[in-house]
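Residue strings, one per chain:
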Amino acid sequence: MAEAEKKKNKTLLIVIIVLAVLIIAGLTTVIVLLLNKDDKPIQDNNNNGGLIDYQPGVIGVNVDDFQAEFDQAVKDMQNSSIGIIFNNYAVSEDGKNFKCYLGNAEGNGKDIYFNIYKDISFSEQILLTGLIPPGSGIDTFESEIDLDPGQYEAVLVLTKVDDDHSTILTQTNVQITLQVNG
């Protein structure tokens, strides 16, 4: 009788293990389905069976034109940046004559000019230079307005121009401190 009971217990244990595996598999399936329920399929707006269409308006560039296109892209990139060498601190003893280096980096390849405004309102111009060629600069300037003693957080505007001396290629602003002793 002990042998029959052992066999019965073994069979019952196998049935319980199989049921447990089936329940775990069923719960896993339900959880996976619930987690994926909110995921939307990729929209196929073109009804193209999931394939990616070509972009409308794309133009072809033949091999001969490719170098010209590349050269133009490089030129556009160079024209959109300004390399400068300058002191961001200018000093004056009289409120009119300042010492400060403002230079055009050699790598610019284009002329630049500088404006300095008393503050961010751009209402009072302190300086407007002429064109400064690449690799050149100024180390003094005369203010258009007399400044009282004190410190001013001014705005230095750098403008890069094309070879025609009238087309602005790019422009940027930086802060410059003007110190008037007195």
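Refer to the structure above for everything that follows.
These figures come from a predicted structure and were not determined experimentally.

## What about the overall build of the chain?
Thought 1: Per the secondary structure count, the chain includes two helices and eight strands.
Thought 2: In the chain, the order of α-helices and β-strands from amino to carboxyl end is α-α-β-β-β-β-β-β-β-β.
Thought 3: Out of the 182 residues in the chain, the part that is buried amounts to 23%.
Thought 4: For the chain, restricting intrachain contacts to residue pairs at least 6 apart in sequence, the fraction spanning at least 24 positions comes to 61%.
Thought 5: In the structure as shown, the chain presents an accessible area of about 13200 Å², 57% of it carried by carbon and sulfur atoms.

## What about a nonpolar patch on the surface?
Thought 1: On the surface, Ile14, Val15, Val18, Leu19, Leu22, Ile23, Leu27, Ile31 and Leu35 cluster together into a nonpolar patch covering about 880 Å² of accessible area.
Thought 2: Relative to the helices and strands, Val18 resides in helix α1 (residues 2-35).

## Digging into the pairing of strand β4 (residues 112-117)
Thought 1: For β4, a buried count of six out of six residues is recorded, marking the element as mostly surrounded by other parts of the structure.
Thought 2: Of the two faces of β4, the one holding Ile112, Phe114 and Ile116 and the one holding Tyr113, Asn115 and Tyr117 are both buried throughout.
Thought 3: Judged from the three bridges that link them, β4 and strand β5 (residues 125-128) form a sheet pairing that is antiparallel. Bridge assignment links Tyr117 to a residue of β5, and that residue is Gln125.

## Section: the packing of aromatic side chains
Thought 1: Enumeration according to the criterion identifies two aromatic pairs in this entry.
Thought 2: The interplanar angle of 75° and the centroid separation of 5.2 Å between the aromatic rings of Tyr117 and Phe122 together place this pair among those described as edge-to-face.

## Details of the pairing of strand β2 (residues 89-92)
Thought 1: Burial of the side chains of β2 is restricted to one face: Ala90 and Ser92 are buried, whereas none of Tyr89 and Val91 on the reverse face is.
Thought 2: Alignment of β2 against strand β8 (residues 168-180), held across four bridges, turns out to be parallel. Bridged to Ala90 within β8 is Leu178.
Thought 3: Here β2 pairs with strand β3 (residues 97-104) via two bridges, running antiparallel.

Calculation rules
Residues numbered from 1 in each chain as written. Predicted model: local features only at pLDDT ≥ 70, side-chain atom pairs only at ≥ 80, totals over all residues. Heavy atoms only, no water. Helix = DSSP H or I, 4+ residues; strand = E, 2+ residues; numbered from the N terminus. Buried < 20%, exposed > 50% of the residue type's maximum accessible area, 1.4 Å probe, protein only. Contact = heavy atoms within 4.5 Å. Areas by Shrake-Rupley, 256 points an atom, 1.4 Å probe, with all protein chains shown as cover. Patch = residues over 30% accessible without salt bridge, like charges linked within 9 Å, V, L, I, M, F, W, Y side chains within 5 Å. Salt bridge = Lys/Arg side-chain N within 4 Å of Asp/Glu carboxyl O. Pairing = 2+ DSSP bridges. Phe/Tyr/Trp six-rings, centres within 6.5 Å; stacked < 30°, edge-to-face > 60°.

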